Each structure stands twice: as C-alpha cells, then as structure tokens.
Amino acid sequence: MKKLIFAILLALFSFACYADIRNFSAREIYVGYYFADNYANVIEYDVVHTGKSRDIRADVQLLEDSIMNAEFAKNKYEYDYFSSAEESISNEGNFVKINLDLICSENVSFATMEDLLSKTLGRSVIIKVEGEKLNVYFEGAGIQIRSNNAEGAYRKGDTILMSWPSRLSKMELVFGVDTVVANKIDEYVAGKKASPEKTSEEIDFMKNALPELEGVERRFQDDCDIIRLKDLVYYGKLIEAYKAKIGKYPFAQTNRTVYSLIYNNMQKQYAVDTNPNEHVLVSPRDFFQELEKGLGAPVNQHFDPQYVPLHRPVFYIYMVQGDEYFFAVHVSKYYSFSKKVASHYYKVEISSGDDLPYKIYSVDTLASNPKFTAAVLQQVSNEKFFEEREEKHRQEY
C-alpha cells in the first residue's frame, strides 16, 4: 500500500515538474522592435514539444490557457520591460504559430533592446554603438541567422555580430533554433485561440503607466498632482478670461515666441531655461503683473507644491506665439490625459484649441473630461500642510 501511495505521489510530482510551457520550443523565431511605438512583436514558428512530459495534450492545454490569459511571454521569457498586449496560438496547417504583441513601458534604450533580445534568444546579448553602427553581439551556438534588416551579420568563432545603422526606427530579425528532441503538436491545436484584445486606453496605460511610485513618495506626489491639476485649470481660465477682455493672449506677439516659467522663490534656483529655440523669457513677476493689468483685478499666485525637483521640474510653463498659447504642469504618474516624458515624469497640457492625438486640450475640454474631474476631486491626504504652503506663496511677487 505504501509503495502504491509513493508511486502515485511520484507520478503527480513528475507531472508537476514537467507540465510547463517551457516544454515547448520554436524552430524559428521572428523578433521585431518598433522603437517609436514602444512595441515589439515576437512570433514563434513551428512550435514543437520538447519536454520530458509524455502527456502532450495536457501540456498543450496548459500552453493554450497561458496564451488566452496573455501570460505566455511573462512565464516563458520573463521580460523586464515588456508586457503582453495580446497573445495568440494558431494551427497554420502544417505547423503551429505563437504570436506575441508586446508593449514596452520605457523609452527605447540599450537596456530595453538587450532585454528583448537576451530573453528571447535565451543568452546574453550585448549592444554597443561603434562608430556609426549599432552592433549586437551574442553567442551563436544553436542559432542560425535568417532574414533581417541589418546591414550585415557575421559569425566569428562562437560569436555572432549583427550590425545596424545607429539611426534606426525598427529592428527586425529572424533566426532558426536547433531542437534536439521534438514532437509536432499540430493535431492538438485546433484553429486559433487568442487573449482578449486590449482597448486603446489599456494599451496607452501599458506603455506609459509603469513603473509606479511607492510608499511615502507616492502619497506625497498623489497629493501634489491633485493640486497641480487644479492649478492647470485655474491658470487656463485666467488666460482665456484675459483674452476675452484684451483680445489676445498675455505677451502674444506675431513672430516671436514668449515663455514664462512659473516658480516661487524656493524653486527659483531649479528653474533653469534650457529651451534651445529662439524665444523671449518673461519672469513670473511680469507674468502675474500682466494678468492683473489685463483682468483689472488681483490674481492669486499658485505654484507647484513641491520645492525641490525629483524626476520632474517643479515649475509650470506658459508659452505663447500669435493666437496660440500652451500651459503645462508636470505630474508624477499616468493619467489618460497625460503625456509620458520619462519614468515618474508626465506632462498635462492645455492650449487655445484641442489636439487630441497629442493629448493637448482646451481648458474647457480638459475640465469637462470625467477622468480629469475624478482626479481633481480626490481628497488631499495632508490638507493642512499644502494649505499652509499655498498660503505662504500666494502673493510671492
């Protein structure tokens, strides 16, 4: 009896060990990285069963379940910077194909390129800019380089070098993979199965929301962001009221761009004008005086509630040229109406008119956005602290 129980447990343990999506391999893999879109596509062609488990049908079911939950890439490749937007598996007649649409949460860099290629190839990949070339090095055992958009692919001993021009919009590569033990799985895969399609807003979130702040910093920045967003609408309405009364935006000139960085005295040392384009810079004092002069009434002065920059600037920006103005605040996290600049650095921007593909809004459009309304109606957790800081700088100039 004890032997029987032991045999059953051993069988279950063996199945648990070997019933894994790593029991599958592809004889050919396509990798495409589209830099401007923060998007990568990995396609596995001729997927075969290579594991020690004898229950191929059960393994295929596990494989299909992981793909329908968009978890195959996470479980098999464990990318650091890429997440699945959509995954699918299909029977192509005489072979099985797995398609992975991946979204990158960071701007393209050596780190993201190395992450994608290293994890997909299953070996260390080193990327260097050498002269005018973007060179990719990796160990070549068990790999055959096939079609690609590189300028050259070279094998020297055990090392493969692939070379692209340093100015590159997309990287594409197809390579063959040696498989020692392989069982076809065509008969176990019927038609096509796919994970649910993501909405455009879900894709936008995947591209732009990560990584997120944590702990004390997150709580502080959540409070700051509420105030920054309220200030954005506050200034937008003042600027539009000025135009309604005067007939043009503050400091508007036909052939000259005018900027003003809006900061208080605690932020002044960090408010550096780095704009390389020709422009006139107006001081915060002059900005407020011009608003008050045009409106014929005092104006409360609002500033970013953070004194010292971390990840993002601590000033607001006003820009005007002719009949067009822009006003921007810098927030710490993703909103559906924000634009990502870098990790923990987003811009929310209003203008004289809407440019929705670029997430630029008139003040009325933004103020009527339900998600913006929900954001500014959030409760500030440390109200007294921020009220005292606001009052301290209300009439700074």
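Up top is the structure these notes are about.
Notes on the structure follow. On a predicted model such as this, the values are computed, not experimentally measured, just so you know. Counting starts from 1 at the beginning of each chain's written sequence and moves along it residue by residue. Only residues with pLDDT of 70 or above have their local features reported here, since the model is predicted, and side-chain atom pairs are shown and tallied only from 80 upward, although totals for entire chains, interfaces and linings are computed over all residues. Where side-chain values are given, they derive from all heavy atoms of the structure, hydrogens and water being excluded.

## Observations regarding the overall build of the protein
For helices the rule is a DSSP run of H or I covering at least 4 residues; for strands it is a run of E covering at least 2, with both sets numbered from the N terminus onward. Helix and strand counts for the protein come out as ten helices and 19 strands. With the C-alpha coordinates aligned to their principal axes, the bounding extent of the protein is approximately 90 × 60 × 35 Å. Think of it in three bands: residues with accessible area under 20% of the maximum for their type are buried, residues over 50% are exposed, and the middle band is partly exposed, with areas taken using a 1.4 Å probe on protein chains only. With 397 residues in all, the protein has 46% of them scored as buried. Intrachain contacts of the protein at a sequence separation of at least 6 include 65% that bridge at least 24 residues. Residue contacts are defined here by distance: any two heavy atoms, one from each residue, within 4.5 Å place the two residues in contact.

## Section: the pairing of strand 16 (residues 324–331)
Regular strands place side chains that alternate from one sheet face to the opposite one. Of all eight residues making up strand 16, seven are buried, and the element is well covered by its neighbours. DSSP bridges decide pairing: two strands pair if at least two such bridges lie between them. Two strands pair when backbone bridges link them, and strand 15 (residues 316–321) and strand 16 are joined in this way by five bridges, in the antiparallel orientation. For Tyr318, the partnering residue across the bridge sits in strand 16 and is Phe327. In this structure, the hairpin formed by strand 15 and strand 16 is closed by a connection of two residues, where Gly322 is found at a positive phi of approximately 60°. Across six bridges, the pairing between strand 16 and strand 18 (residues 345–351) is antiparallel. Within strand 18, the residue paired with Phe326 across the bridge is Ser351.

## What about the side chain of His393?
On the secondary structure map, His393 appears in the segment after helix 10 (383–392). Polar contact criterion, stated in full: a pair of N or O atoms within 3.5 Å, where within protein one must be able to donate a hydrogen and the other to accept it, and residues adjacent in sequence count only if both atoms are side-chain atoms. Polar contacts involving the side chain of His393 include one to the side chain of Tyr307, which spans 2.6 Å. Leaving out residues up to four positions away in the same chain, His393 has contacts with Asn264, Met266, Gln301, Phe303 and Tyr307.

## A few points about helix 2 (residues 56–68)
The first and last C-alpha atoms of helix 2 sit 18 Å apart over 13 residues, in line with the 18 Å expected at 1.5 Å per residue. Inspection of helix 2 places Ile56, Asp59, Val60, Leu63, Glu64, Ser66 and Ile67 among the buried residues, and these make up the whole buried set. Along the long axis of helix 2, the arc covered by the buried residues comes to 160°, so they all point the same way. In the segment just after helix 2, Ala70 is the residue with positive phi, at about 55°. To estimate the expected span of a helix, subtract one from its residue number and multiply by 1.5 Å. Read the arc as the range of directions from the helix axis to the C-beta atoms.

## Considering the packing of aromatic side chains
Stacked, edge-to-face and tilted labels apply to pairs of Phe, Tyr and Trp rings (six-membered ring for Trp) whose centres lie within 6.5 Å, assigned for plane angles under 30 degrees, over 60, and everything in between, in that order. Going through the model one piece at a time under the given rule, you end up with 25 aromatic pairs. Residues Tyr33 and Phe82 carry aromatic rings whose centres are separated by 5.5 Å and whose planes lie at 75° to one another, so their mutual orientation is edge-to-face. Here the residue Tyr33 occupies a position in strand 1 (residues 24–34), and Phe82 occupies one in strand 3 (residues 82–91), the gap between them amounting to 49 residues. When sorted by exposure, Tyr33 lands in the same class as Phe82, which is buried. Through pairs of rings, three or more aromatic residues link up here, namely Tyr234, Tyr235, Tyr249, Phe287, Phe288, Phe303, Tyr316, Tyr318, Tyr325, Phe327 and Tyr397. Over the face of the ring belonging to Tyr137 we find Lys128, whose NZ or CZ atom lies 5.5 Å from the ring centre. Cation placement over rings: the criterion is NZ of Lys or CZ of Arg within 6 Å of the ring centroid and within 35° of the ring normal. Here the basic side chain of Arg389 rests over the ring of Tyr307, its NZ or CZ set 3.6 Å away from the ring centre.

## Quick look at the environment of Pro196
Looking at where Pro196 falls in the secondary structure, it is placed in the loop between strand 12 (192–194) and helix 5 (200–208). We classify Pro196 as exposed; its relative accessible area is 59%. For the pair formed by Pro196 and Ile67, sequence separation is 129 residues and the distance between their alpha carbons is 10.0 Å. Every residue in contact with Pro196, bar those within four places of it in the chain, is listed here: Met68 and Ala85.

## Thoughts on the sheet that holds strand 6 (residues 133–139)
Taken in spatial order, the four strands of this open sheet run 5-6-9-8, and their pairing is antiparallel. The open sheet is flanked by strand 5 (125–130) and strand 8 (152–156), the only strands paired with a single partner. Taking the axes of each pair of neighbouring strands and ignoring which way they run, one obtains an average angle of 20° across the sheet. Alignment of strand 8 against strand 9 (residues 159–165), held across five bridges, turns out to be antiparallel. In the strand pairing of strand 9, Gly152 is matched with Ser163. Lines fitted to the C-alpha atoms define the axes, with helices restricted to the stretch that makes contact. Angles between their N-to-C directions range from 0 to 180 degrees. Running over the sheet, helix 4 (residues 110–121) touches strand 5 and strand 6 and is turned about 145° from strand 5.

## Structural notes on the side chain of Glu172
Within the secondary structure, Glu172 sits in strand 10 (residues 170–177). A polar contact is formed between the side chain of Glu172 and the side chain of Tyr30, at a distance of 2.6 Å. If we skip the residues at most four places from it in the chain, Glu172 touches Tyr30, Val31, Gly32, Tyr34, Asn148, Asn149 and Trp164.

## A short note on the nonpolar core
Judged by nonpolar contacts, the single largest core of 44 residues is most densely connected at Tyr33, Leu102, Leu116, Leu117, Val136 and Met171. Residues contacting Tyr33, with those up to four places away along its chain left out, are Tyr39, Ala40, Phe82, Cys104, Val108, Thr112, Met113, Leu116, Ser169, Lys170 and Met171. Put simply, a nonpolar core is a bunch of buried Ala, Val, Leu, Ile, Met, Phe, Trp, Tyr and Cys residues held in one set by side-chain atoms that sit within 4.5 Å of each other.

## As for the packing of helix 6 (residues 215–246) against helix 7 (residues 284–295)
Following both chains from N to C, one finds helix 6 and helix 7 inclined at 50°, their axes separated by 9 Å at the closest point. Put simply, helix 6 runs oblique to helix 7. Where helix 6 crosses over helix 7, the two elements pack in a sense that is left-handed. Seen from helix 6, the contacting residues are Tyr235, Leu238, Ala241, Tyr242, Lys245 and Ile246; seen from helix 7, they are Phe287, Phe288, Glu290, Leu291, Gly294 and Leu295. Residue type decides the class: Asp, Glu, Lys and Arg count as charged, Ala, Val, Leu, Ile, Met, Phe, Trp, Tyr, Cys and Pro as nonpolar, and the leftover types, Gly among them, as polar. Of the residues belonging to the contact of helix 6 with helix 7, the class tally is nine nonpolar, one polar and two charged. The labels follow the angle: roughly parallel below 35 degrees, roughly antiparallel above 145, roughly perpendicular from 65 to 115, and oblique for the rest. In this scheme the crossing of two helices becomes right-handed for a clockwise turn of the near helix relative to the far one and left-handed for an anticlockwise turn of less than a right angle.

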